[in-house]
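# Inside the fold
The primary structure of each chain is shown beneath.
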Amino acid sequence: YLKSKGVSVSAGHTAMKTGEIDKFAAAGVDRICHLYDTFEGRETNSGVPIPSVVDVVTVDDRFMLELILDGFHVPPTLVKLAIRAAGVERIIGITDALTGAGLPDGEYLDSTNRFYTLDNNELCRLKDNPEIIVGSCLTMNRAFCNLVKLFDCTPVEASKILSTNPACYAGLRNVTGKLQVGLRSDITILAPDMRKVEKCFVAGTEAYSI
């Protein structure tokens, strides 16, 4: 029903069984969000591994896979595994960032009125129970840096994961998402360390400069 109304639907944090994946895809759903994060793990039967939902969707070309790229929600080894198994063309990089992203370390309030502690070198954790992760403080420029320096991607591959693939999935393939004649000039220029944004252009017009 949602797909018939033009709404994009994805599955994440799900207890869906592998036998339901075909039905899920037949309904028009084609994206998995927060891959690995709060999915049921792989079970075994007499020592033989049983494929999990994550295993199946990773090798199923019907699905785009969203990965949180802060290096904490998903360990680097699993990020590399997903990229190698699914291929760069099927990965969409996301931040899972809360409202405090880009702000100094400290205590902030999330959209459900919970106080959390932001640590820019790590994660956002619930103030009253630091064992609970409530989100990330990742920004897209740091995600780009992580892809290249932590997850072994080339700058071109990182650009596809963070720009081209999301734009294509959002129906903007012929509008933006890469540097190409005829497309809108939406450009971010990073410093050599790839962590600081030096300039931003929106539709060819400078919108930000340090």
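Residues numbered from 1 in each chain as written. Predicted model: local features only at pLDDT ≥ 70, side-chain atom pairs only at ≥ 80, totals over all residues. Heavy atoms only, no water.

## Section: the pattern of salt bridges
Note the threshold: A carboxyl oxygen of Asp or Glu within 4 Å of a side-chain nitrogen of Lys or Arg is what we treat as a salt bridge. By the criteria applied, helices consist of DSSP H or I runs no shorter than four residues and strands consist of E runs no shorter than two, each listed in order from the N terminus. Accessible area is worked out with a 1.4 Å probe on protein chains only. A residue is then buried under 20% of its type maximum, exposed over 50%, and partly exposed in between.
Tallying each qualifying case throughout the model produces 13 salt bridges. Between Arg31 and Glu66 there is a salt bridge, with the nearest N and O atoms lying 2.7 Å from each other. Of the two residues, Arg31 is situated in strand E2 (residues 31-32) and Glu66 in strand E5 (residues 64-68); the sequence distance between them amounts to 35 residues. Arg31 sits in the buried class, given a relative accessible area of 13%. Classification of Glu66 by relative accessible area gives buried; the value is 11%.

## Describing the nonpolar core
What counts, and what does not: What we call a nonpolar core is a set of buried Ala, Val, Leu, Ile, Met, Phe, Trp, Tyr and Cys residues that are connected through their side-chain atoms within 4.5 Å. Two residues qualify as a contact provided that any one of their heavy atoms is within 4.5 Å of a heavy atom in the partner residue.
Among the nonpolar cores identified, the biggest contains 36 residues, and Ile32, Leu67, Leu69, Ile83, Leu147 and Ile161 are the most heavily contacted of them. When residues of this core are assigned to their parent elements, the largest contribution, five residues, is made by helix H4 (residues 140-149). Ignoring anything within four residues of it in the chain, the contact list for Leu147 reads Leu69, Ile83, Asp152, Cys153, Ala158, Ile161 and Leu162. Listed in part, the six residues of the second largest apolar core include Tyr116, Cys124, Leu126 and Cys137.

## Some words on H4
Among the ten residues in H4, eight count as buried, and that is most of the element. Of the residues making up H4, those classed as buried are Asn141, Arg142, Ala143, Phe144, Cys145, Asn146, Leu147 and Val148. Along its buried surface, H4 packs onto helix H3 (76-86), helix H5 (155-169), strand E11 (187-190) and strand E12 (197-202).

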